[in-house]
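# Structural overview for review
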Amino acid sequence: MLFCLKSDDEDGVNVIVIFNFFCMKKNILIIGASSGIGFGLASILSNSHNVFAMSRSRGKLAELDTVSWLPFDVMAPEYDFSPVPGEIHGWFTVPEA
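The numbers attached to residues start from 1 for each chain and follow its sequence in the written order. With the structure being a predicted model, the display of local features is reserved for residues of pLDDT at least 70 and the display and counting of side-chain atom pairs for 80 or more, all residues being used for whole-chain, interface and lining totals. Excluded from the side-chain calculation are hydrogens and water; included are all heavy atoms of the structure.

Turning our attention to the sheet that holds strand E5 (residues 67–71). What makes two strands pair is DSSP finding at least two bridges between them. Only DSSP runs of H or I with at least four residues qualify as helices, and only runs of E with at least two residues qualify as strands; both kinds are numbered from the N terminus onward. Spatially, four strands are ordered E5-E4-E3-E6 in an open sheet, and the strand pairing comes out parallel. The sheet is open, and its two borders are formed by E5 and strand E6 (90–93), each paired with just one other strand. Going from strand to strand, the sheet's axes swing by 15° on average, the running direction of each strand aside. In the packing of helix H1 (residues 36–45) onto the sheet, the strands contacted are strand E3 (27–31), strand E4 (50–55), E5 and E6, and the crossing angle to E3 comes to about 165°. All axes are obtained by fitting lines to C-alpha atoms, using only the stretch in contact for helices, and the reported angles, taken between N-to-C directions, cover 0 to 180 degrees. Residue contacts are counted whenever heavy atoms from the two residues lie within 4.5 Å of one another.

Okay, here's the thing in structure tokens:
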């Protein structure tokens, strides 16, 4: 599957990211996946990959039984990352708008 995401960052710079995921299932980690672009990425990528979504609240992720949700607050002083697989093939951070 070839996947392309284009967006403007906060400085007005266009960011284009192209992902080429073929063959085996990959472990994908998405931080900030409870809504918006993060949720969209989770719902698309979970069709063919192992998606681990981290966010403060589950939000719309409750609709996706193909996504492993992990509660996570980036402002917390510590976090136990043991539920996250040892090997991550793709990683996205999607901040709130």
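Next comes the rest of the write-up.
Now for the pairing of E4. Residue exposure (1.4 Å probe, protein chains only): buried if accessible area is under 20% of the type maximum, exposed if over 50%, otherwise partly exposed. Most of E4 sits inside the fold, with five of its six residues counted as buried. Note that E3 and E4 share five bridges and pair parallel. Note that in E4 the partner of Ile30 across the bridge is Ala53. Whether a crossover is right-handed depends on one test, that the path from the first strand over the helix to the second runs clockwise when the strands point away from the viewer. Handedness of the β-α-β unit built from E3, H1 and E4 comes out right-handed. As judged from the five bridges shared by E4 and E5, these two strands associate in the parallel manner. Counted as the bridge partner of Met54 is Leu70 from E5.

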